Each structure stands twice: as structure tokens, then as C-alpha cells.
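# Structural features, examined
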Amino acid sequence: MAVMGASGRMGQMLVQQIDGSDIATLSAVVERTGHDWVGRDLGEAMGGSARGLIVSDDWAEALAVSDAVIDFTAPVVSVALAEQAAAAGVAHVIGTTGFSEDDLAAIAHAGQTGRIVRAGNMSLGVNLLVTLTQQVAQALGVDYDVEIVEAHHRHKVDAPSGTALMLGEAVAAGRDVALADVADRGRDGITGARPAGTIGFHAIRGGDFVGEHDVIFAGEGERIVLRHVATDRALFARGALRAAIWAQGQGPGEYSMIDVLGLSR
Ligand code: NAD
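Just so it is clear, the structure is predicted and the values come from calculations on it, not from any experiment. (Residues numbered from 1 in each chain as written. Predicted model: local features only at pLDDT ≥ 70, side-chain atom pairs only at ≥ 80, totals over all residues. Heavy atoms only, no water.)

What follows covers the overall build of the protein chain. Broken down by element type, the protein chain carries 10 helices and 11 strands. Taking 265 residues into account, the globule formula puts the C-alpha radius of gyration at 18 Å, and the protein chain, at 19 Å, falls close to it. The principal-axis extents of the C-alpha atoms in the protein chain amount to approximately 60 × 40 × 30 Å. When burial is assessed residue by residue, the protein chain has 49% of its 265 residues classed as buried. The contacts of the protein chain with a sequence gap of at least 6 include a subset with a gap of at least 24, amounting to 67%. Of the roughly 12400 Å² that the protein chain leaves accessible, carbon and sulfur atoms contribute 49%. In the protein chain, 19 positive and 33 negative side-chain charges are present, and the distance between their average locations comes to 5 Å. (Helix = DSSP H or I, 4+ residues; strand = E, 2+ residues; numbered from the N terminus. Rg over C-alpha atoms; globule rule 2.2 N^0.38 Å. Buried < 20%, exposed > 50% of the residue type's maximum accessible area, 1.4 Å probe, protein only. Contact = heavy atoms within 4.5 Å. Areas by Shrake-Rupley, 256 points an atom, 1.4 Å probe, with all protein chains shown as cover. Lys, Arg positive; Asp, Glu negative; His and termini not counted. Charge placed at Lys NZ, Arg CZ, Asp CG, Glu CD.)

What follows is the structure in C-alpha cells.
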């Protein structure tokens, strides 16, 4: 397994997970050109002893020695890598979030020939929450107002989180509407009364929150709250490694963690 963005918060977690696996081994570690880890031994760059694996900025070289590449970086990186990994026949696990519609179309195009697993959240618990959210939305209908509230650490660059959008998609699917038509992101000012059927998104940023998500169904006289709290980002790295191993047995396509975990909507 190759790890893109090896010095990142998730990159370092992925290295640790692969090192602890009896099935996978670390084949290559990649950082962006100009990063001070490039050319250094990975073990030393991570503050330990040398291990004989040099951090590279050469994607083709990394793909040539790998069965899968795990990528928690930035949208521009993941979109470009999707085409290259597909051409090289290497499974591509994408944990990156913050994609535009055009980015997603480019990834879907790469998924016609390559094997891609993409999920805004790689944890079992959140993917279970996605399936439950769809069921609850379907059962309750638009009489219950849905608000999705998420909290992340101060370094996160995109909002709403990829997970919040997954949960919003699940509500929209349960109600048989398109999320783009009903999403209401971060109210401010004199907004007027809440239109029925909208899905509200709110993002808290600060400190070292790993990731928290509430899906609130607010009705007359009662509220239902579905909540997931992540306390350790190793959770996401474990899910990504599981996805990379699962992808080895699959044909071309763009898959999600719902597929990897065998959860059905
Ligand atoms: P980070 O900034 O700590 O790490 C990103 C790394 O990518 C950096 O080390 C950066 O140098 C590297 N990078 C940038 N350009 C590169 C290139 N051209 N080639 C190789 N490496 C490159 O960020 P993070 O907290 O690790 O998060 C990364 C992404 O993963 C974000 O989009 C975040 O939202 C997402 N994320 C997803 C999940 C999930 O379960 N899907 C969980 C956590 C984070």
C-alpha cells in the first residue's frame, strides 16, 4: 500500500495502521514536491530510526510498486491521482473531502476503468449512522425538521464536513429529493421562518475535535438526535486500510464504505 500525503495528520495514522497490519505492507510514501520530508527516510522524518523507505514525490514510481494507494490529501491531488491510479491498475482509496461537482465527475470518470473507494468518512459507526439516517428520514417525512450539526478541529479547511454532506444526502435520499434543492447552509441575518423540507447545516470549528456529527429531527413535542463522536483518527485509517484490502477483489467502479462494510441502505 502506498500512502499519499504521508506527513499529514491522516497520512501518519495510515503509516501506523499499515505497519501494524499482518496483511498489508507499506510500499511507498509520497509527499508534495518541495515538502521537507521528500528525499528523507520515513522513519527518521517521523521522529524515529531509519527504516529504509524514502519519502518520494514521484507518483508513477509509487504506483508501480503498489496494489493500492490511500489518499487523504486535497481535492486537486485526489482528482489527478484518480486518473493515474486507474491507468496504472492500482486501487485508489480516497478519504479527501471538499470536492466540487466537477471534481466528483472527474473521479466518476476515472472509476469507469479504475477501482476507487471514496468516502467522506471511513468509520463503521458513521456509515451505520448514514443508513439509519436514511431510514429515519423516510419514516418521519418533512414534518420533522432536519438540522445537521458538526464539529471539527481548527485546522479543517472545508465546511460542511464530507460526513455532514453524506448525512445530508442520506436524509435527501430518504425523502426522495435532491440535496442541492433543499440544503440550507449556515443561516445568518433575517432569514424568515424555516421553510418545510429544508436540511440545515452548521459547522463548529475549534481546538482538537476529531469529528462529531448530530442529525437532529425536530418535530412537534419531540426531537430525535442521531449522534456519532469520533475520539481517535486511527478509526478512519483502519477503515481506509480495510477498503484498500477489500478493493483488491473488485472490478472497476467507484465504491463507498457502505459497499466495503456490506451495509445496505
Ligand atoms: P493534512 O493537511 O494534515 O494532510 C494532508 C497532506 O497531504 C499534507 O501532508 C500535504 O503536504 C499532503 N499533500 C498535499 N499535496 C500533495 C501532493 N501533491 N502529493 C502528495 N501529498 C500532498 O490534512 P488531514 O487532516 O490529514 O486531512 C486530509 C484530508 O482528509 C482532508 O480533506 C480531510 O477532510 C480528510 N479526512 C477524511 C476522513 C475520512 O474518514 N474520509 C477523515 C479525516 C480527514
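According to the domain assignment, the protein chain consists of domain 1 (2–118 + 233–260) and domain 2 (124–230). Here domain 1 and domain 2 have C-alpha centroids that lie 28 Å from each other. Across the boundary between the two partners, domain 1 contributes 8 residues, which contact 11 residues of domain 2. Taking both partners together, domain 1 and domain 2 bury about 770 Å²; carbon and sulfur atoms supply 62% of that area. (Domains from an automatic or database assignment. Buried area = accessible area lost by both parts, 1.4 Å probe.)

Evaluated as defined, the whole model comprises 1 aromatic pair. Taking 5.1 Å as the distance between ring centres and 85 degrees as the angle between the ring planes, the aromatic pair formed by Trp246 and Tyr255 counts as edge-to-face. (Phe/Tyr/Trp six-rings, centres within 6.5 Å; stacked < 30°, edge-to-face > 60°.)

The next point concerns the site of the ligand. The immediate surroundings of the ligand are formed by 22 residues, with Arg9, Met10, Glu31, Thr97 and Met122 found nearest. Side-chain polar atom of Thr97 to an oxygen atom of the ligand: 2.7 Å apart, as the coordinates give it. Here a nitrogen atom of the ligand sits 3.1 Å away from a polar atom, N or O, in the main chain of Gly120. Protein contact buries 81% of the 860 Å² of open area that the ligand shows by itself. Split by residue class, the shell around the ligand holds 8 nonpolar, 10 polar and 4 charged. (Near = heavy atom within 4 Å. Polar contact = N/O pair within 3.5 Å; in protein donor to acceptor, adjacent residues only side chain to side chain. Nonpolar A, V, L, I, M, F, W, Y, C, P; charged D, E, K, R; others polar.)

Let us look at the packing of helix α6 (residues 124–140) against helix α7 (residues 162–175). With their axes 7 Å apart at the nearest point, α6 and α7 run at an angle of 30 degrees to one another. By the criterion of interaxial angle, the relationship of α6 to α7 is roughly parallel. With respect to the hand of their crossing, α6 and α7 are arranged in right-handed fashion. Seen from α6, the contacting residues are Val126, Asn127, Leu129, Val130, Thr133, Gln134, Ala137 and Gln138; seen from α7, they are Thr163, Met166, Leu167, Ala170, Val171, Ala173, Gly174 and Arg175. Of the residues in the contact of α6 with α7, the class split is 9 nonpolar, 6 polar and 1 charged. (Axes fitted to C-alpha atoms, helices over the stretch in contact; angles between N-to-C directions. Parallel < 35°, antiparallel > 145°, perpendicular 65-115°, else oblique. Left-handed = near helix turned anticlockwise from the far one by under 90°.)

Inspection of the entire model under this criterion finds 9 salt bridges. A salt bridge links Arg194 to Asp145; the shortest N-O distance between them is 3.4 Å. Note that Arg194 is positioned in the loop between β7 (183–185) and β8 (199–205) and Asp145 in strand β6 (residues 145–152), a separation of 49 residues in sequence. Salt-bridge contacts for Arg205 lead to Glu150; the nearest nitrogen and oxygen are separated by 2.7 Å. Of the two residues, Arg205 sits in strand β8 while Glu150 sits in strand β6, which places them 55 residues apart along the sequence. (Salt bridge = Lys/Arg side-chain N within 4 Å of Asp/Glu carboxyl O.)

Right, let's get into the sheet that holds strand β2 (residues 28–30). Taken in spatial order, the 6 strands line up as β2-β1-β3-β4-β5-β11 in an open sheet, and their pairing is parallel. Two strands close off the open sheet at either side, each with one partner strand: β2 and β11 (253–255). Strand-to-strand twist in this sheet, taken as the mean axis angle between neighbours without regard to direction, amounts to 15 degrees. Relative to strand β3 (residues 68–71), strand β1 (residues 2–4) is paired through 3 bridges, and the arrangement is parallel. Each bridged residue has a counterpart across the sheet, and for Val3 the counterpart in β3 is Ile70. Along the sheet, helix α1 (residues 9–19) makes contact with β1, β2 and β3, crossing β1 at roughly 165 degrees. Helix α5 (residues 101–110) contacts β4 (91–94), β5 (115–118) and β11 of the sheet and is inclined by roughly 140 degrees relative to β5. (Pairing = 2+ DSSP bridges.)

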